[in-house]
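Listed here are the chains, written in short residue letters.
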Amino acid sequence: MQCPYCGRAESRVVDTRATGDGIRRRRECQTCRKRFTTSEQISEALLIVKRDGRREPFDRHKLLQSIRLACAKRPIAMADIERIVDQIEEHIFSLGKAELRSEVIGQQLLEKLKALDPLAYIRFAIVYLELEDVEALRRELDRLMTDRR
Ligand SMILES: [Zn+2]
């Protein structure tokens, strides 16, 4: 989202509010720190296609919650979590699609968490990748350790 003052693209969402016909966001520019408001129409809302084929509107709050859960009790700042949500949100909306498979978001999130905090990554992976047993978890841990070397 481009800053109307300095034109830079990096901004942070400081507040999100549903209005009658859309969503209003208060953003803060990462460069000049000025704040501005953007609004999105409901008609532009992105539908997420779940694994079982059900569709539901993209929910920023839900994404934030799942990251917070994975990051619980880890030394991770709320600002870092919000930055990840911002990045994922910007990315999926920039694709310009009406529908998106939930895996696209899941994969993005896995990548971001892997870079942020290995334990948060594993917590999310256990649920998301449906690691069914200790053996599957061990393989994922092996892969993670190899990647970090
Ligand atoms: Zn700016």
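Basis of the calculations
- Each residue is numbered by its place in its chain's sequence as written, counting from 1.
- Where totals are concerned, whole chains, interfaces and linings use all residues; where local detail is concerned, this predicted model gives features only for residues with pLDDT of at least 70, and gives and counts side-chain atom pairs only at 80 or more.
- Hydrogens and water are ignored here; the side-chain numbers use all heavy atoms of the structure.
- Keep in mind that water is not among the atoms, so a site may look incomplete; donors are the N, O and S atoms within 2.8 Å of the metal, or 3.2 Å for Na, K and Ca.
- Only four donors with every angle between 85 and 135 degrees are called tetrahedral; only four or six donors with opposite donors over 155 degrees apart and all others between 65 and 115 are called square planar or octahedral, in that order; all others are irregular.
- Relative accessible area decides the class of each residue, using a 1.4 Å probe on protein chains only: under 20% of the type maximum gives buried, over 50% gives exposed, and in between gives partly exposed.
- Two strands qualify as a pair provided that DSSP identifies no fewer than 2 bridges between them.
- Runs of E in the DSSP output that reach at least two residues are strands. Runs of H or I that reach at least four are helices, and both are numbered from the N terminus.
- Between N-to-C directions, angles cover 0 to 180 degrees, with each direction set by a line fitted to C-alpha atoms, over the stretch in contact for helices.
- The start and end points of each domain follow an automatic or database-based domain assignment.
- Residue contacts follow a heavy-atom distance rule, with two residues in contact if any of their heavy atoms lie within 4.5 Å.
- Buried area adds together the accessible area that both of two parts lose upon being put together, with accessible area traced by a 1.4 Å probe.
- Between Lys or Arg on one side and Asp or Glu on the other, a salt bridge is scored when a side-chain nitrogen of the former is within 4 Å of a carboxyl oxygen of the latter.
- Counting of polar contacts relies on pairs of N or O atoms within 3.5 Å, with two restrictions inside protein: one atom must be capable of donating a hydrogen and the other of accepting it, and residues adjacent in sequence are counted only when both atoms are side-chain atoms.
- Cavities and pockets are found on a 1 Å grid laid over the protein atoms alone: a cavity is a set of points where a 1.4 Å probe fits but cannot escape, a pocket is an open set with protein on both sides within 12 Å along at least five of seven lines, and a lining residue has an atom within 4 Å of such a point.
- Grid points are joined across faces, edges and corners, and a volume is the space filled by probe spheres set on the points.
- Ten residues, namely Ala, Val, Leu, Ile, Met, Phe, Trp, Tyr, Cys and Pro, are considered nonpolar, four, namely Asp, Glu, Lys and Arg, are considered charged, and the remaining ones, Gly among them, are considered polar.
- Geometric relationships in this document are graded by angle, where less than 35 degrees denotes roughly parallel, more than 145 denotes roughly antiparallel, 65 to 115 denotes roughly perpendicular, and other angles denote oblique.
- The handedness criterion is simple: a crossing whose near helix is rotated anticlockwise from the far helix by less than a right angle is left-handed, and one whose near helix is rotated clockwise is right-handed.
- Only Phe, Tyr and Trp rings are paired, with Trp represented by its six-membered ring, and only when their centres lie within 6.5 Å; those with planes under 30 degrees apart are stacked, over 60 edge-to-face, the remainder tilted.

In this section: the coordination of the zinc ion. At the metal site, the zinc ion is ligated by C3 (SG), C6 (SG), C29 (SG) and C32 (SG), and these contacts range over 2.3 to 2.4 Å. The coordination sphere of the zinc ion comprises four donor atoms, whose angles at the metal cover 103 to 118°; the geometry is tetrahedral. Sequence positions of the donors to the zinc ion reduce to the motif C-x2-C-x22-C-x2-C. For C3, a relative accessible area of 4% gives the class buried.

Moving on: the sheet that holds strand β4 (residues 47–49). Within the open sheet, the three strands sit side by side as β5-β4-β6. Their pairing is mixed. The two strands at the open ends of the sheet, each matched to only one other strand, are β5 (55–57) and β6 (99–101). With strand direction ignored, the average angle separating the axes of adjacent strands in the sheet is 35°. Pairing between β4 and β6: three bridges, direction parallel.

What the domain assignment lists for the protein is domain 1 (1–45) and domain 2 (46–148). Centre-to-centre, using C-alpha coordinates, domain 1 lies 23 Å away from domain 2. If you look at the interface, domain 1 gives nine residues, while domain 2 gives nine residues. For the pair domain 1 and domain 2, the two sides together bury roughly 710 Å², of which 34% comes from carbon and sulfur. Residues E90 and R27 are paired through a salt bridge, measuring 3.4 Å at the closest nitrogen-oxygen approach. Taken together, the links from domain 1 to domain 2 amount to three residue pairs in polar contact (both at pLDDT 80 or more).

Our focus in this paragraph is the layout of surface pockets. Put simply, the largest pocket is a space of about 560 Å³. Every residue lining the largest pocket is counted, 18 residues in all, and those nearest its centre are K50, K62, S66, S102 and Y128. Elements with a contribution of two residues or more to the lining of the largest pocket: β5, α1 (60–70), α3 (102–116) and α4 (118–128). In terms of residue class, the lining of the largest pocket is built from nine nonpolar, three polar and six charged.

For the pair α3 and α4, interaxial distance at closest approach is 7 Å and the crossing angle is 155°. In terms of orientation, α3 lies roughly antiparallel with respect to α4. With respect to the hand of their crossing, α3 and α4 are arranged in left-handed fashion. Two secondary-structure elements touch here, α3 through S102, E103, G106, Q107, L109, L110, L113, K114 and L116 and α4 through P118, A120, Y121, F124, A125 and Y128. Partitioned by chemical class, the residues of the contact of α3 with α4 number 10 nonpolar, three polar and two charged.

The next point concerns the packing of aromatic side chains. Given two aromatic rings, their pairing is described by the distance between the two centres and the angle made by the two planes. Tallied over the entire structure, the rule returns one aromatic pair. Relative to F93, the ring of F58 lies with its centre 5.7 Å away and its plane at 80°, an arrangement referred to as edge-to-face. Here F58 is found in the loop between β5 and α1, whereas its partner F93 is found in helix α2 (residues 78–94), with 35 residues between them in sequence. The buried category is assigned to F58, whose relative accessible area is 15%. With relative accessibility at 33%, the residue F93 sits in the partly exposed group.

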